[in-house]
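# Close look at the chain arrangement
Here's the letter readout for the chains.
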Amino acid sequence: MSTDVTAKSPAPAPPGKSGTAGGGLLQLMLDGLRRNMRQYGMLIALGLIVALFAVWTDGDLLLPRNVSNLVLQNSYVLILAIGMMLVIIAGHIDLSVGSLTAFVGAFAAVLTVQHSVSWPVAVVLCLAIGAVAGSVQGFFIAYLGIPSFIVTLAGMLVFRGLTEILLEGQTLGPFPDGLQKIGNGFLPEAGPETNYHNITLLLGLALLVFVILQEVRDRKRQQEFSLDVLPRNIFLLKLVSIGSAVLVVTLLLASYKGAPIILLILGALVVGYGYVMRNAVFGRHIYAIGGNLPAAKLSGVKDKKVTFLVFLNMGVLAALAGLAIAARLNAASPKAGLNYELEAIASAFIGGASMSGGVGTVLGAIIGGLVLGVLNNGMNLLSVGSDWQQVIKGLALLAAVGFDVWNKRKSGS
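Residues numbered from 1 in each chain as written. Predicted model: local features only at pLDDT ≥ 70, side-chain atom pairs only at ≥ 80, totals over all residues. Heavy atoms only, no water.

### A word on the overall build of the chain
Let me state the cut-off plainly: Going along the chain from the N terminus, every DSSP run of H or I of four or more residues is numbered as a helix, and every run of E of two or more is numbered as a strand. Burial classification: accessible surface area is computed with a 1.4 Å probe over protein chains only, and a residue below 20% of its type maximum counts as buried, one above 50% as exposed, and the rest as partly exposed. Here the accessible surface of atoms and residues is derived via Shrake-Rupley with a 1.4 Å probe, and residues count as covered only by protein chains that are part of the display.
Helix and strand content of the chain: 16 helices and zero strands. Looking at the chain as a whole, 45% of its 413 residues are labelled buried. For the chain, the accessible area works out to roughly 21,500 Å², and carbon and sulfur atoms hold 67% of it.

### A word on a nonpolar patch on the surface
Condition: Exposure above 30% relative accessible area and the lack of any salt bridge qualify a residue for a patch; like charges then connect within 9 Å, and the nonpolar side chains Val, Leu, Ile, Met, Phe, Trp and Tyr within 5 Å. Salt bridges are defined as contacts in which a side-chain nitrogen from Lys or Arg sits within 4 Å of a carboxyl oxygen from Asp or Glu.
Taken together, the side chains of Val132, Val136, Phe139, Phe140, Tyr143, Leu144, Ile146, Phe149 and Ile150 define a hydrophobic patch exposed on the protein surface, amounting to about 800 Å² of accessible area. Elements with a minimum of two residues in the nonpolar patch: α5 (119-142) and α6 (148-167). Among the elements that make up the nonpolar patch, the one with the highest residue count is α5 (four residues). Turning to its location among the elements, leucine 144 is positioned in the loop between α5 and α6. By relative accessible area, which is 47% here, leucine 144 ends up partly exposed.

### Here we look at a positive patch on the surface
Let me state the cut-off plainly: Two residue types count as positive, namely Lys and Arg, and two as negative, namely Asp and Glu; His and chain ends fall outside the count. Lysine's charge is taken at NZ, arginine's at CZ, aspartate's at CG and glutamate's at CD.
On the surface, Arg217, Arg221, Arg278 and Arg284 cluster together to form a positively charged patch. One can find arginine 278 in helix α10 (residues 261-279).

### Describing the pattern of salt bridges
For the structure shown, the criterion picks out one salt bridge. When the shortest N-O distance is used, the salt bridge between glutamate 215 and lysine 238 registers 3.0 Å. With a gap of 23 residues between them, glutamate 215 in helix α8 (residues 198-224) and lysine 238 in helix α9 (residues 232-254) connect regions that are remote in the sequence.

### Quick notes on helix α4 (residues 97-114)
The condition is simple: Expected helix span is taken as 1.5 Å per residue step, with the number of steps being one fewer than the number of residues.
Taking 1.5 Å of rise per residue, the 18 residues of α4 would be expected to cover 26 Å, and the 25 Å separating its terminal C-alpha atoms lies within 8% of that figure. A large share of α4 lies buried, amounting to 16 of its 18 residues. Directly after α4, the chain includes serine 116, whose backbone phi takes a positive value near 55°.

### Examining unusual backbone geometry
The omega torsion of the bond from glycine 173 to proline 174 falls at -5°, within 30 degrees of zero and hence cis. Even without being glycine, glutamate 168 reaches a positive phi, approximately 55°. With respect to the helices, strands and loops of the structure, glutamate 168 is situated in the loop between α6 and α7 (177-184). Here the phi dihedral of asparagine 330 falls at roughly 60°; this positive angle occurs in a residue that is not glycine. Tracing the backbone through its elements, the reader meets asparagine 330 in the loop between α13 (303-329) and α14 (340-350). Overall, asparagine 330 belongs to the partly exposed group, its relative accessible area being 24%.

### Some points on the packing of aromatic side chains
The criterion, for reference: Side-chain rings of Phe, Tyr and Trp, where Trp is taken by its six-membered ring, are said to pair if the distance between their centres is within 6.5 Å; with planes under 30 degrees apart they count as stacked, over 60 as edge-to-face, and otherwise as tilted.
What the rule picks out here adds up to eight aromatic pairs. Their ring planes at 35° and their centres at 5.8 Å tell us that phenylalanine 139 and tyrosine 143 sit as a pair that is tilted. Under the relative-accessibility criterion, tyrosine 143 is labelled partly exposed at 41%. Here the aromatic rings of phenylalanine 186 and tyrosine 256 are separated by 6.3 Å at their centres, their planes lie at 85°, and the arrangement is edge-to-face. With phenylalanine 186 in the loop between α7 and α8 and tyrosine 256 in the loop between α9 and α10, this residue pair connects regions lying 70 residues apart in the sequence.

### As for helix α11 (residues 281-291)
To keep it simple, the criterion reads: Arc definition: it is the arc formed by the directions from the helix axis to the C-beta atoms. Any two residues having at least one pair of non-hydrogen atoms within 4.5 Å are treated as being in contact.
Among the residues of α11, those classed as buried are Gly283, Ile286, Ile289 and Gly290. Down the axis of α11, the smallest arc covering the buried residues is 130°, so these residues share one side. Within α11, the exposed residues directed more than 90 degrees away from the buried face are Val281 and Gly291. For α11, the elements touching its buried residues are α3 (64-89), α10, α12 (293-298) and α13.

### Notes on the environment of leucine 172
Within the fold, leucine 172 resides in the loop between α6 and α7. On a C-alpha basis, the gap between leucine 172 and alanine 109 in space is 6.3 Å, while along the polypeptide they are 63 residues apart.

### Notes on the packing of α11 against α13
Rule in force here: Throughout, an axis means a line fitted to C-alpha atoms (over the contacting stretch in the case of helices), and angles, computed between N-to-C directions, take values from 0 to 180 degrees. Working definition: roughly parallel below 35 degrees, roughly antiparallel above 145 degrees, roughly perpendicular at 65 to 115 degrees, and oblique for all remaining angles. Any residue that is not Ala, Val, Leu, Ile, Met, Phe, Trp, Tyr, Cys, Pro, Asp, Glu, Lys or Arg is counted as polar, Gly included; the first ten are nonpolar and the last four charged.
Where α11 meets α13, the axes come as close as 10 Å, and the angle between the chain directions of the two elements is 105°. Taken together, the axes of α11 and α13 are roughly perpendicular relative to one another. Contact with α11, carried on its side by Phe282, His285, Ile286 and Ile289, involves Asp303, Val306, Thr307, Leu309 and Val310 of α13 and no other residues of that element. Its residues placed into classes, the contact of α11 with α13 shows six nonpolar, two polar and one charged.

### A look at the packing of α4 against α5
For clarity, the threshold we go by: Throughout, a crossing is termed right-handed when the near helix is turned clockwise from the far one, and left-handed when it is turned anticlockwise from it by less than a right angle.
Remark: α4 packs on α5, axes separated minimally by 10 Å, with the N-to-C direction vectors making an angle of 150°. When the axes of α4 and α5 are compared, the crossing they make is right-handed. Taken together, the residues of α5 that come into contact with α4 (itself represented by Leu100, Phe103, Val104, Phe107, Ala108, Leu111 and Thr112) are Trp119, Ala122, Leu125, Cys126, Ile129 and Ala133.

### Some points on the confidence of the model for the chain
As a reminder of what qualifies: pLDDT gives the predictor's per-residue confidence on a scale running from 0 to 100.
The predicted model of the chain averages 86 in pLDDT, with 89% of residues at 70 or higher. Within the chain, α5 carries the highest mean pLDDT (96), whereas helix α1 (residues 21-35) carries the lowest (55). Low pLDDT (under 50) marks residues 1-21, which in the prediction has one contact with non-local residues, meaning those over four places away or in another chain.

### Quick notes on the side chain of serine 354
The condition is simple: Polar contacts, as used here, are pairs of N or O atoms within 3.5 Å; protein pairs need one atom able to donate a hydrogen and one able to accept it. Residues neighboring in sequence count only if both atoms are side-chain atoms.
Summarising the element assignment, serine 354 is placed in the loop between α14 and α15 (362-381). Relative accessible area serves as the criterion here: at 0%, serine 354 is assigned to the buried category. A polar contact of 3.0 Å, which involves the side chain of serine 354, links it to the side chain of serine 356.

Structure below.
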């Protein structure tokens, strides 16, 4: 007489208890990374790129002088990338920013060098010119319905021509000392004699405290709304990683000449625009019109006004970038600003912006700009030719956009 015996499968282990403790932590880390791939993917890539070039250049990439130069050389791209990220989130594009930076630099040179206008007045006038240029383009795009590609392409040609007219084909300079410090200046020394720049150390510590408190507050807010948050161990690892990066950069800058003035301007922009895009109604409206324009209109969003203000803002930031690069070069040139718009667009897409709009962060734009900046700086240190540099940066952009498309398809499935 045969007896049927039903094999009993082992009871499933409680969540988080399967395997070893190390395996469980690793699985949690992988799950957290998958859920936040868009947010952390390029940050991890930036860390890997820095580590690789640090090894390939025998540590030259992370020398204090080189880190300081890296900030100064890429400040204009990062400023443009912030504005471009907002434009792309809103579902548009701006091809005129490179020519506009050149025009503003030429305008500043004419004011200060030829007409002896004081540099603070010249800065205000240049920012106003940027606002007017951005608002004119924004009017054509928002209220007349002309595609942003066409309007800003026309703006690129117009501003480039106006730059040639202002400078009459010649390089014009030098700028007053006060204006030069925007692009080349450092914070002054203060406090007792140490081996480091004291003010930079204090600012770095303040930034560290601010970032940690912001991360903790964001986590608590997500928990209050029952949103998914990183496991506690991974969150602590994230805080340690961010804190270590801030401290390393602070010590490197403090061991040279201190924090560049343009870095403080850039930091204020990141904090301000980050707050607007996360917490302000205007920032939410930008995401809304880029993500789903018909739904945004039905919800009462004034899409034309938002689009107009986005391009006005882009004009102001382009003017600021134009002042920064002109001050760094200590001269205005008819050829300034070439391909700046492409670098800003690439920074935004590498930093997580989506071709369809509605996706992206200010911090992502900064990360994307730093990826390009480290690539440029590292390849220059390795004496890589400009031809191969263009190839590598093009492949980096293609990989970033391809990753975005793959991530969307995976999320959809």
